[in-house]
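Close look at the chain arrangement
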Amino acid sequence: MVVIEVFTPVVQRILKHNMMYWISFTGLDTSLYLLVEVGKHLHLQDFGKCPRLRLFTQEYILALNELNAGMEVVKKFIHSMHGPTANCPHPRVLPNLVAVCLAAIYSCYEEFINSRDNSPSLKEIRNGCQQQCDRKPNIPLRLLHTNPDLVSKEVTSTESRHKSVIVTSNEIHVEVERNNTVNQKLKANTGNDSEPNLIDCLLISPACSTMSIELSPQAERVLSCYVEILKMLSNYDDWRPALASLLQPIPFPKEALAHETFTKELKYVIQRFAEDPRQEVHSCLLSVRAGKDGWFQLYSPGGVACDDDGELFASMVRVCNNVHILMGSCYKTKKFLLSLAENKLGPCMLLALRGNQTMVEILCLMLEYNIIENNDTQLQIISTLESTDVGKKMYEQLCDRQRELKELQRKGGPTRLTLPSKSTDADLARLLSSGSFGNLENLSLAFTNVTSACAEQLIKLPSLKQLNLWSTQFGDAGLRVLSEHLTALQVLNLCETPVTDAGLLALS
């Protein structure tokens, strides 16, 4: 407690005034001597460029957390930095605290980060050593499956004959198993079709394995402490806009975003942003620029941080959409809906299929503003809306305003249908029971959670010619049912399914 009382005024001045207390002395490192010397060596410097200063503040906060009262002491310290009034009188406190939190969280994943890149470690920063030769070499990740887009187009025919080639994504090195026969089949089957044949999809899998993150007990304590501080900061109304802006570019390493413990705790902060009615707060949930994921994408169904079947995602969509409508900005509403249609149409339809009113409203708006141009996709949205009571009611109201939508439905069902990832047998049954699918020829259930039980629904599709069951739990029992009833089937994708020889025997 003596040490903490000695250093508290020092840390408060660091955070409030951006001052760096540069202490140089010889002899015993005693608290009293530090207290005397600290006032003699003051240099005003940029806080963001002073890793030693950040480290000093970081260690002080960790010392507070080690007390018997733990986070309660830290909470009182944060409150003292904010002040008793509604608005903090010191504008530098928040960015300085965020900088300390980010540095501390980064240090927790330093071991994983330095195993793949050449960035200086925290130890190197402490020692003032940043030479290239002192760092660990770049270690490529080996992934069994990768997106074909990652494969370099510059691989020559000579290179393609090798067993494997190293290709580079924008962040990590990926080793892709590859052979010349597969390459030739891909080229032969592509033809002039605008969409790849399902047979081609058997050759390369887009699924990437995820990192397994395990932290040491000390790193776990550090991570828990500083995520709690971010949660505390998000509770102050005057700090929330600036905090949202500072976190909008997602300043955390990808190792943290792949760590379930971290994203689950940080979810509280994102929820606070989503609940804030101010546009400058919740607009920071969107990506900072085109082509870069934001919190909106990371916490959507199928996103790396989603663990709640899309509840937080729906909350973010509702707030953003309501603000655009209340502002009377048709342009911004259309732009927002277009972004959803391009990137998150699958999750929107999945949640609407499960009765989420916000997503039902979003799908109706997409039809009303004519965001979707593809007829099959429009028909799938209509079928999704008609699968629930709330969706059917909203769609009927929409048809009263736009009769051409009713005409579109009368032309028959879609010929192509793709169920969103994470869909279940119940979702498929609900969708297929909502309308006419007699014209359906191509159905993709890839990367969903369907099982053999969905075969009872699939045999009700007499025109089905192509069926994609890639990476599902569809097994022998379902395959026997399909073999007996779907006589028009031409293409069947069973890649990464639990089908055995017995199931293939029934198929033959």
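Residues numbered from 1 in each chain as written. Predicted model: local features only at pLDDT ≥ 70, side-chain atom pairs only at ≥ 80, totals over all residues. Heavy atoms only, no water.

Attention now goes to the overall build of the protein chain. Within the protein chain one finds 26 helices and 9 strands. The buried share of the protein chain, reckoned over its 508 residues, is 45%. Sequence separation of at least 24 residues holds for 67% of the intrachain contacts in the protein chain that already meet a minimum separation of 6. Total accessible area computed for the protein chain in this model is approximately 26300 Å², and 51% of it derives from carbon and sulfur atoms. (Helix = DSSP H or I, 4+ residues; strand = E, 2+ residues; numbered from the N terminus. Buried < 20%, exposed > 50% of the residue type's maximum accessible area, 1.4 Å probe, protein only. Contact = heavy atoms within 4.5 Å. Areas by Shrake-Rupley, 256 points an atom, 1.4 Å probe, with all protein chains shown as cover.)

So, about the packing of helix 4 (residues 71-82) against helix 10 (residues 217-234). Contact geometry of helix 4 with helix 10 gives a least axis separation of 11 Å together with a crossing angle of 40°. As far as their axial angle goes, helix 10 and helix 4 are oblique. As helix 4 runs across helix 10, the sense of the crossing is right-handed. Residues M71, V74, K75 and I78 of helix 4 touch helix 10, and the partners they reach there are C225, E228, I229, M232 and L233. Of the residues assigned to the contact of helix 4 with helix 10, the class counts are 7 nonpolar, no polar and 2 charged. (Axes fitted to C-alpha atoms, helices over the stretch in contact; angles between N-to-C directions. Parallel < 35°, antiparallel > 145°, perpendicular 65-115°, else oblique. Left-handed = near helix turned anticlockwise from the far one by under 90°. Nonpolar A, V, L, I, M, F, W, Y, C, P; charged D, E, K, R; others polar.)

The N-to-C vectors of helix 18 (residues 345-353) and helix 19 (residues 357-368) enclose an angle of 125°; their axes lie 8 Å apart at closest approach. The orientation of helix 18 relative to helix 19 falls into the category oblique. Helix 19 is crossed by helix 18, and the crossing has left-handed handedness. Of the residues in helix 19, those in contact with L345, C348, M349, L351 and A352 of helix 18 are M359, V360, L363 and M366. Its residues placed into classes, the contact of helix 18 with helix 19 shows 9 nonpolar, no polar and no charged.

With parallel pairing, the 4 strands of this open sheet are ordered in space as 6-7-8-9. The open sheet has two free edges, formed respectively by strand 6 (416-418) and strand 9 (491-493), since each of these has just one partner strand. The average angle at which neighbouring strand axes cross in this sheet is 5°, direction not considered. Summarising the sheet, strand 6 and strand 7 (residues 442-444) pair through 3 bridges and their orientation is parallel. Paired with T418 across the bridge in strand 7 is S444. (Pairing = 2+ DSSP bridges.)

On to helix 4. The terminal C-alpha atoms of helix 4 lie 16 Å apart, and with 12 residues this matches the ideal 16 Å at 1.5 Å per residue to within 8%. Every buried residue of helix 4 is accounted for by V74, F77, I78, M81 and H82. With its buried residues spanning 140° around the axis, helix 4 presents them on a single face. One or two positions beyond helix 4, positive phi appears at G83, with a value near 100°. (Expected span 1.5 Å × (residues − 1). Arc of directions from axis to C-beta.)

As a further point, take the nonpolar core. Core analysis: the largest hydrophobic core is formed by 93 residues, its most contacted members being I78, Y109, Y226, L233, F262, W295 and M366. Ranked by residue count, the leading element in this core is helix 10, at 10 residues. L417, L419, L428 and V481 belong to the second largest nonpolar core, which has 25 residues in total. (Core = buried A, V, L, I, M, F, W, Y, C linked by side-chain atoms within 4.5 Å.)

For the coordinates displayed, the defined rule picks out 11 salt bridges. The shortest N-O distance in the salt bridge between R240 and D276 comes to 2.7 Å. Taken as a pair, R240 in helix 11 (residues 240-247) and D276 in the loop between helix 13 (260-275) and helix 14 (279-282) lie far apart in primary sequence, 36 residues in all. Residue R240 is classed as buried on the basis of its relative accessible area, which comes to 5%. Counted as one network, the salt bridges with shared partners bring together D237, R240, D276 and R278. (Salt bridge = Lys/Arg side-chain N within 4 Å of Asp/Glu carboxyl O.)

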